[in-house]
Amino acid sequence: PACHWIVAGETLTPGGHRWSRFDRFQGSAGGAPPPEHFLDDDEPGAIHYTSGSTAKPKGVVRSHGANAAIALGSLERLPMHRDDVWGLLLPMHSAGMYGVLLAAVMAGNPVVLADYDADTLGNLIEKHRVTHLAMGPTMYYGAARSLAAADTRSIRHAVWGGMPPNNRATRALEAVLPVPVLGAFGMTEATSISYSTAEIYASGRIGSCGYPISSMA
C-alpha cells in the first residue's frame, strides 16, 4: 500500500517543502526509478551514542538487520491494520525510529509526527484517529487531563518505555484510555526487545518487561 505521511504543525521536509504523501516526495526525483542496492543484514545501519551502564558515552553500531528485526518485532506484538495510525512522540534516536517509524513504513501505515504537548495530546489523537501510541510513563501521566477530555476510542495499543511506571498512576489511566498501557523493555543498543501483555497487566505486574520478540528469543 502507499505510504502516507502526516506532518503535524509547521514541520518542513528537506528542501523546505511541506509534504503529506511519500509518493509525491518520491516523484520530486523526476520520475527516475530508485537505484537498486541490496544491503547485507550485517552492514552498519546507524551509530547510536549512549552511556549504557558505564556512564561513559560511546558510539554503538547497529546493523540494518538488527534495525529491521526490531521493526518486525514491533509489528509482531503491535500489529497494524490497513487504517491504523501511529502517534510518534518519542525521540527518533532509538525506539521511536525503529519500533515506531520504520515499523509503520514497513506496514505502509500513516505516522503522526508531533512534539509532546500534554495539553493538546488528546486533541491530536482525536483529530488523527491514532490507534498506536508509545510514550514514557510520565508523558502519559502529564497528559491525563487532556486524554480525559478527548475521544480516544481509536487507540488499540498504548505502550510505555524508558523508565519504570508508577503502578497507581498507570492504573488511573484506565479511566481515560480504552486499553491498558503496557510495558516495552529495551536499550539504546537494541531498542525495544520485549513487550508486556494484557494478561500480565491484569495479573497486577504492571511494570513487567513481558516476553521477548521472536527475533530476540
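For the structure itself, look to the data block above.
What counts, and at which threshold
- Residues numbered from 1 in each chain as written.
- Predicted model: local features only at pLDDT ≥ 70, side-chain atom pairs only at ≥ 80, totals over all residues.
- Heavy atoms only, no water.
- Helix = DSSP H or I, 4+ residues; strand = E, 2+ residues; numbered from the N terminus.
- Buried < 20%, exposed > 50% of the residue type's maximum accessible area, 1.4 Å probe, protein only.
- Contact = heavy atoms within 4.5 Å.
- Expected span 1.5 Å × (residues − 1).
- Polar contact = N/O pair within 3.5 Å; in protein donor to acceptor, adjacent residues only side chain to side chain.
- Patch = residues over 30% accessible without salt bridge, like charges linked within 9 Å, V, L, I, M, F, W, Y side chains within 5 Å.
- Areas by Shrake-Rupley, 256 points an atom, 1.4 Å probe, with all protein chains shown as cover.
- Salt bridge = Lys/Arg side-chain N within 4 Å of Asp/Glu carboxyl O.
- Core = buried A, V, L, I, M, F, W, Y, C linked by side-chain atoms within 4.5 Å.

*Asks:* When you look at the overall build of the protein in this model, what are you seeing that I'm missing?
*Replies:* Of the regular secondary structure elements, the protein holds eight helices and ten strands. Per-residue burial for the protein yields a buried fraction of 42% across its 217 residues. Taking all contacts inside the protein whose residues are at least 6 apart in sequence as the whole, residues at least 24 apart take part in 59%.

*Asks:* I tried to follow helix α2 (residues 64–77) on my own but got confused; where do I start?
*Replies:* For an α-helix, the turn length of 3.6 residues means that residues three or four places apart are oriented alike. The end-to-end C-alpha distance of α2 is 20 Å, a good match for the 20 Å that 14 residues give at a rise of 1.5 Å each. Along α2, the residues classified as buried are N67, A69, I70, A71, G73 and S74.

*Asks:* Looking at this model, I keep getting lost on the environment of S214. Mind explaining?
*Replies:* You can see S214 is positioned in the segment after β10 (211–212). Taking the C-alpha atoms as reference points, S214 and R77, 137 residues apart in sequence, are found 9.6 Å from one another. Within the structure, S214 has its side chain in polar contact with the side chain of E76 (distance 2.6 Å).

*Asks:* Which parts of the structure should I look at to understand the side chain of S63?
*Replies:* The residue S63 is located in strand β3 (residues 58–63) in this model. In terms of polar contacts, S63 uses its side chain to reach the backbone amide nitrogen of A66, at 3.0 Å. Not counting residues within four places of it along the chain, the set of residues in contact with S63 comprises D41, D42, E43, P44 and G45.

*Asks:* Even after reading the chapter, I still don't get a nonpolar patch on the surface, so can you show me in this structure?
*Replies:* A grouping of I47, Y49 and V61 is seen on the molecular surface, where their side chains present a nonpolar patch of about 370 Å² in accessible area. By the element assignment, V61 lies in strand β3.

*Asks:* What exactly am I supposed to notice about the nonpolar core here?
*Replies:* A general feature of soluble globular proteins is that nonpolar side chains tend to end up buried together. Counting residues in hydrophobic clusters, the biggest one holds 22 residues, and the most contacted among them are L121, Y140 and L177. Considering each element in turn, this core owes the most residues, three residues, to helix α4 (residues 121–128). In this view, L177 contacts Y140, L147, T152 and I155; residues no more than four positions away in its chain are not counted. L78, Y98, L101 and A134 belong to the second largest nonpolar core, which has 17 residues in total.

*Asks:* Explain the pattern of salt bridges to me, please; I cannot follow it from the model alone.
*Replies:* A side chain of one charge can pair with a side chain of the opposite charge when the charged atoms of the two come close. Evaluation of the coordinates by the stated rule reveals five salt bridges. With a closest N to O distance of 2.2 Å, D84 and R156 form a salt bridge. Of the two residues, D84 is situated in the loop between α2 and β4 (86–88) and R156 in the loop between α6 (144–148) and β7 (157–160); the sequence distance between them amounts to 72 residues. The class of D84 is buried, set by a relative accessible area of 5%. R153 serves as the salt-bridge partner of D151, at 2.9 Å between the closest nitrogen and oxygen. Ionic contacts of the salt-bridge type, sharing partners, join the residues R129, D151 and R153 into one network.

*Asks:* I'm lost on the environment of R171 in this one. Help?
*Replies:* Residue position: R171 is located in helix α7 (residues 167–172). On the accessibility criterion, R171 (34% relative accessible area) is partly exposed. Separated by ten residues in sequence, R171 and V181 have C-alpha atoms that sit 8.5 Å apart. Sequence-distant contacts of R171, defined by excluding residues within four places in its chain, comprise Y201, A202, G204 and I206. Only 3.0 Å separates the side chain of R171 from the side chain of E174, close enough to count as a polar contact.

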